[in-house]
Each structure stands twice: as structure tokens, then as C-alpha cells.
Amino acid sequence: MDKKTTDQAAAELGISRPLLITYISRHPELRPANKVHNVNLLLWTDEEIEAVRQARATRKAGRPAKDK
């Protein structure tokens, strides 16, 4: 199983690294299990990247419209 860095995971998802970091900070259950402690580096598996992709695909987009 090949591990990928956060930069590589973000590129595979088609989003920026800061957006991916923000997304997993809001959804900690999607944070990858593997981490290199000394350099604070997250290592992603293909399954973890796919979980983020599916979570982003099923989320509601934007804020609800204001009632006028």
C-alpha cells in the first residue's frame, strides 16, 4: 500500500492543500491515521482519500437561502 503526502492527496482530489487541511479540521473523522510525529506530516492511503472524495460529494453546498 502506497502512502501519499497531503499535497499529493489534495492534487488527487483536485483541491488545494489549505482547503484539504480546513476540511479535515472540520471533519476530524476523515483525518488519516498515519502521521509522522516529528514533522507533523500526514500520510494518506487511497482509501482515506476516497473517503474524503465521497464525503465532499455528498455534502450540502453553500448556505441556505434567507427568507425574504
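As a reminder, the structure under discussion sits directly above these lines.
Residues numbered from 1 in each chain as written. Predicted model: local features only at pLDDT ≥ 70, side-chain atom pairs only at ≥ 80, totals over all residues. Heavy atoms only, no water.

A.B. asks: Explain the pattern of salt bridges here, please?
C.D. replies: For side chains bearing opposite charge, pairing can occur when the charged atoms are close. In the structure shown here, the tally under the stated rule is five salt bridges. One salt bridge connects Asp7 with Arg17, and the closest N-O pair in it is separated by 3.1 Å. Of this pair, Asp7 sits in helix H1 (residues 6-13) while Arg17 sits in helix H2 (residues 17-26); the two residues are ten residues apart in sequence, bridging distant segments of the chain. Take Asp7: its relative accessible area is 46%, and that puts it in the partly exposed class. (Salt bridge = Lys/Arg side-chain N within 4 Å of Asp/Glu carboxyl O. Helix = DSSP H or I, 4+ residues; strand = E, 2+ residues; numbered from the N terminus. Buried < 20%, exposed > 50% of the residue type's maximum accessible area, 1.4 Å probe, protein only.)

A.B. asks: Is there a simple way to think about the packing of aromatic side chains in this case?
C.D. replies: Think of a pair of aromatic rings as described by two things: how far the centres are apart, and how the planes are tilted against each other in angle. One pass over the full model with this rule turns up zero aromatic pairs. The ring of Tyr23 has Arg56 lying over it, and the distance from NZ or CZ to the ring centre is 6.0 Å. (Phe/Tyr/Trp six-rings, centres within 6.5 Å; stacked < 30°, edge-to-face > 60°. Lys NZ or Arg CZ within 6 Å of the ring centre and 35° of its normal.)

A.B. asks: I tried to follow the packing of H1 against helix H3 (residues 46-58) on my own but got confused; where do I start?
C.D. replies: A pair of packed helices is captured by two measures, namely the crossing angle of their axes and the spacing between those axes. Their axes nearest at 10 Å, the elements H1 and H3 cross at an angle of 45°. By the angle between their axes, H1 is oblique relative to H3. Crossing handedness for the pair H1 and H3: right-handed. Across from Ala9, Glu12 and Leu13 in H1, the residues of H3 making contact are Asp46, Ile49, Val52 and Arg53. Residue composition of the contact of H1 with H3, by class: four nonpolar, no polar and three charged. (Axes fitted to C-alpha atoms, helices over the stretch in contact; angles between N-to-C directions. Parallel < 35°, antiparallel > 145°, perpendicular 65-115°, else oblique. Left-handed = near helix turned anticlockwise from the far one by under 90°. Contact = heavy atoms within 4.5 Å. Nonpolar A, V, L, I, M, F, W, Y, C, P; charged D, E, K, R; others polar.)

A.B. asks: What should I look at first to understand the packing of H1 against H2 in this one?
C.D. replies: The geometry of H1 relative to H2 is characterised by a closest axis approach of 9 Å and an angle of 95° between their N-to-C directions. On the basis of the axis angle, H1 is roughly perpendicular to H2. Taking contact as the criterion, the partners of Thr6, Asp7, Ala9, Ala10 and Leu13 in H1 are, on H2, Arg17, Leu20 and Ile21. Among the residues forming the contact of H1 with H2, the class breakdown is five nonpolar, one polar and two charged.

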